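Breakdown of the fold
As a plain string of letters, each chain reads:
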Amino acid sequence: MALPADPAPELAQYAHPEKLVTTQWLADHLTDDGPRDGLVVIESDEDILVYDTGHIPGAVRLDWHLDLNDQVVRDYVDGEAFAALCGARGITRDSTVVFYGDKSNWWAAYALWVFELFGHPDVRLLDGGRAAWQSEGRPLVRGFVERDSTEYPVIERDDTRIRAFRDDVLAHLGNPLIDVRSPAEYTGERTHMPDYPDEGALRGGHIPTAASVPWARAAAEDGRYRSRAELEALYQGEAGLAPDDDVIVYCRIGERSSHTWFALTYLLGMTNVRNYDGSWTEWGSAVRVPVVQGADRGQVPAGLTKRSQA
Amino acid sequence: MSLPAKLAEVVDDFASLTPRDRLELLLEFADELPELPARYGEHPELLERVPECQSPLFLAVEVDSGPQARVDLFFSAPREAPTTRGFAGILHAGLDGESAETVLGVSATVLDDLKLAEVVSPLRMRGMASMLRRIQGQVRAAQAG
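Attention here is on the structure that accompanies the text.

1. Focus on the pattern of salt bridges
Taken as a whole and judged by the stated rule, the model has 30 salt bridges over all chains. A salt bridge links A:D159 to A:R157; its shortest N-O distance comes to 2.8 Å. Between B:D72 and B:R70 there is a salt bridge whose closest N-O contact spans 2.9 Å. The buried category is assigned to B:D72, whose relative accessible area is 18%. Through salt bridges that share partners, A:D75, A:R157, A:D159, A:R163 and A:D277 make up one connected network.

Rendered as structure tokens:
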């Protein structure tokens, strides 16, 4: 059975407070033998070795590249592989799974989003991630965590609800899009983040009409999500989204936009937000898709408007 | 060109381990990466950035001219980037103090023999190949110049 939600008053402001846990809640749910029954804690980082430098006691590692991605086709693992990776980590369909990680939870939010593709019922994010836990002087331990394996059912991935593909984005043009990359990536000055490897996009710029809201604006200085009022001012005020809008978010490979997808979906309660995981590494190299350069959002090209309204 | 003895030893160490222990060894290399000497620590502009790495990595190569000249390697990467530090640690352990000729003779295929791709992913291994390429580029430039 799912564990009760974290009753911390600071979470109550959000549309779905049960999707976040505070560091204190997590600490209270750890025993000397690791997470209490029914709880599994997963660390998911950009740098795979960060976990080995010390992790929350009893937390298991899940790597976006080695575990969640299919190693041949650019796609996520299928239902059988997902069942295997969950089973090996002692996760059952009833487990409450709390994700945390480095880089303000980019990869943790991404892993959580992939769990949602498989409809795992209870997934939560540790607000503030690894940095918040560490900054409070809470324990990090080294060593391998062995959990008793479980039988996780084979569930078919549902790509229709919260995931968008390139053709979905083309058909969506004219409806709200949020580009969460850095301003230089948005304008087309760069095709990748400064200080990051270029994973390859042949063109720079953004998808026509996309609003630029860099992901980090959803996070406060300490890595926790900003207040609901601040998030509303940002996404509904500044970016102009309406609560019932059909929205697609994207970045470079879908990880930073998972962080924004989480904010829109669970903190603001929007029900129709999809993450385009192909993101700029696909769009920026695709043949004949429209691209806009510069700071302006741009227009949907005339030939495509009919399609988007159809 | 045969592999320098120290690098060959590191490769053997990794190859003989289970995948989980390979990660553990990589972490040891990350932990043991020497600090930058003050002459670089105070002058980061002397270091070359390796943008292909997932996290920022900077390196410097000191070498005189001549094929037998000794190559000294210096790296800088943040503690929060242990994989990148581990890669740098392997190259430092394997190549620091070798001759220019020996360093230039190392083929990037040796990195495959570390068997790290399956534990850190091929994408991340690209950063290590870039480090080696840039080290060799600096040695080559010093030899030419």
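2. Some points on the interface of chain B and chain A
Much of the literature gives interface size as the accessible area that the parts lose upon coming together. Opposite the 25 residues of chain B that make contact, chain A presents 20 residues. Inspection of the chain B/chain A interface yields two salt bridges. A salt bridge links A:R142 to B:D31; the shortest N-O distance between them is 3.0 Å. Put simply, chain B and chain A have five residue pairs in polar contact (both at pLDDT 80 or more) between them.

3. Details of a negative patch on the surface
Residues and elements named next belong to chain B. A cluster of acidic residues, D21, E24, E28 and E32, forms a negative patch at the surface. Turning to its location among the elements, E28 is positioned in helix 2 (residues 19-32). When its relative accessible area of 37% is taken as the criterion, E28 is described as partly exposed.

4. Regarding the sheet that holds strand 4 (residues 39-43) of chain A
Residue and element names in this part refer to chain A. Pairing within the open sheet is parallel, and its five strands lie in the order 1-7-6-4-5. At either end of the open sheet lies a strand with only one pairing partner, and these are strand 1 (20-21) and strand 5 (60-61). Relative to strand 7 (residues 123-126), strand 1 runs parallel, the two sharing two bridges. Considered in strand 7, the bridge of L20 is made with L125.

5. Quick notes on the packing of aromatic side chains
Two measures describe an aromatic ring pair: the distance that separates the ring centres and the angle between the ring planes. All names here are of chain A. On inspection of all chains with the given rule, the structure shows 18 aromatic pairs over all chains. Both rings, one in Y225 and one in F262, keep their centres 5.6 Å apart while their planes meet at 10°; by these two values the pair is stacked. Note that Y225 is positioned in the loop between strand 10 (211-212) and helix 8 (228-238) and F262 in helix 9 (residues 256-267), a separation of 37 residues in sequence. As far as burial versus exposure is concerned, Y225 and F262 are alike and both buried. By the ring-pair criterion, three or more aromatic residues cluster together here, those being W64, Y76, W106, W107, Y110, W113 and W215.

6. Examining the side chain of A:R163
Residues and elements named next belong to chain A. Here R163 is to be found in strand 8 (residues 163-164). What makes R163 buried here is its relative accessible area of 2%. A polar atom in the side chain of R163 sits 2.9 Å from the side chain of D75. With near-sequence residues (within four places) excluded, R163 lies in contact with D75, Y76, W113, L117, R157, D168, R274, N275 and D277.

7. Overview of the environment of A:T96
All names here are of chain A. Within the secondary structure, T96 sits in strand 6 (residues 96-100). A residue is classified by how much of its surface remains accessible, and T96, at 0% relative accessible area, is buried. Separated by 55 residues in sequence, T96 and V41 have C-alpha atoms that sit 8.4 Å apart. Apart from the residues lying within four places of it in its own chain, the contact partners of T96 are A2, L3, G38, L39, V40, D122 and R124.

8. Details of the sheet that holds strand 2 (residues 58-62) of chain B
Residue and element names in this part refer to chain B. Strand order in the open sheet formed by three strands is 1-2-3, and the pairing between neighbours is antiparallel. Each edge of the open sheet is held by one strand with a lone partner, namely strand 1 (48-49) and strand 3 (72-76). As judged from the two bridges shared by strand 1 and strand 2, these two strands associate in the antiparallel manner. The residue of strand 2 that forms the bridge with E48 is L59. Against the sheet, helix 7 (residues 122-144) makes contact with strand 1, strand 2 and strand 3, and its axis sits at roughly 35° relative to strand 2, the strand it touches most.

9. Describing helix 4 (residues 106-117) of chain A
Residue and element names in this part refer to chain A. Over its 12 residues, helix 4 extends 17 Å from the first C-alpha to the last, a length consistent with the 16 Å expected when each residue adds 1.5 Å. With respect to burial, helix 4 is a largely interior element, 12 of its 12 residues being buried. Here helix 4 has its buried residues at W106, W107, A108, A109, Y110, A111, L112, W113, V114, F115, E116 and L117. Looking one or two places after helix 4, you find G119, whose phi comes out positive at around 65°.

10. Regarding the pairing of strand 12 (residues 273-276) of chain A
All names here are of chain A. Because side chains alternate across strand 12, one face comprises the buried residues V273 and N275, and the other comprises R274 and Y276, equally buried. Of the pairings in the sheet, the one linking strand 8 to strand 12 comprises two bridges and is parallel in character. If you follow R163 over to strand 12, its bridge partner there is N275. Taken together, strand 11 (residues 247-250), helix 9 and strand 12 constitute a β-α-β crossover, and its handedness is right-handed.

11. Describing the pairing of strand 4 of chain A
Residues and elements named next belong to chain A. Within strand 4, five of the five residues are buried, which leaves the element mostly enclosed by the surrounding structure. In the sheet, strand 4 pairs with strand 6 via five bridges, with the strands oriented parallel. The partner of I42 across the bridge, within strand 6, is F99. Pairing between strand 4 and strand 5: two bridges, direction parallel. Opposite I42, over in strand 5, you have V60 as the bridge partner.

About the criteria used
- Residues numbered from 1 in each chain as written.
- Chains lettered and ligands numbered in written order.
- Predicted model: local features only at pLDDT ≥ 70, side-chain atom pairs only at ≥ 80, totals over all residues.
- Heavy atoms only, no water.
- Salt bridge = Lys/Arg side-chain N within 4 Å of Asp/Glu carboxyl O.
- Buried < 20%, exposed > 50% of the residue type's maximum accessible area, 1.4 Å probe, protein only.
- Contact = heavy atoms within 4.5 Å.
- Polar contact = N/O pair within 3.5 Å; in protein donor to acceptor, adjacent residues only side chain to side chain.
- Patch = residues over 30% accessible without salt bridge, like charges linked within 9 Å, V, L, I, M, F, W, Y side chains within 5 Å.
- Areas by Shrake-Rupley, 256 points an atom, 1.4 Å probe, with all protein chains shown as cover.
- Lys, Arg positive; Asp, Glu negative; His and termini not counted.
- Charge placed at Lys NZ, Arg CZ, Asp CG, Glu CD.
- Helix = DSSP H or I, 4+ residues; strand = E, 2+ residues; numbered from the N terminus.
- Pairing = 2+ DSSP bridges.
- Phe/Tyr/Trp six-rings, centres within 6.5 Å; stacked < 30°, edge-to-face > 60°.
- Axes fitted to C-alpha atoms, helices over the stretch in contact; angles between N-to-C directions.
- Expected span 1.5 Å × (residues − 1).
- Right-handed = clockwise from strand over helix to strand, strands pointing away.

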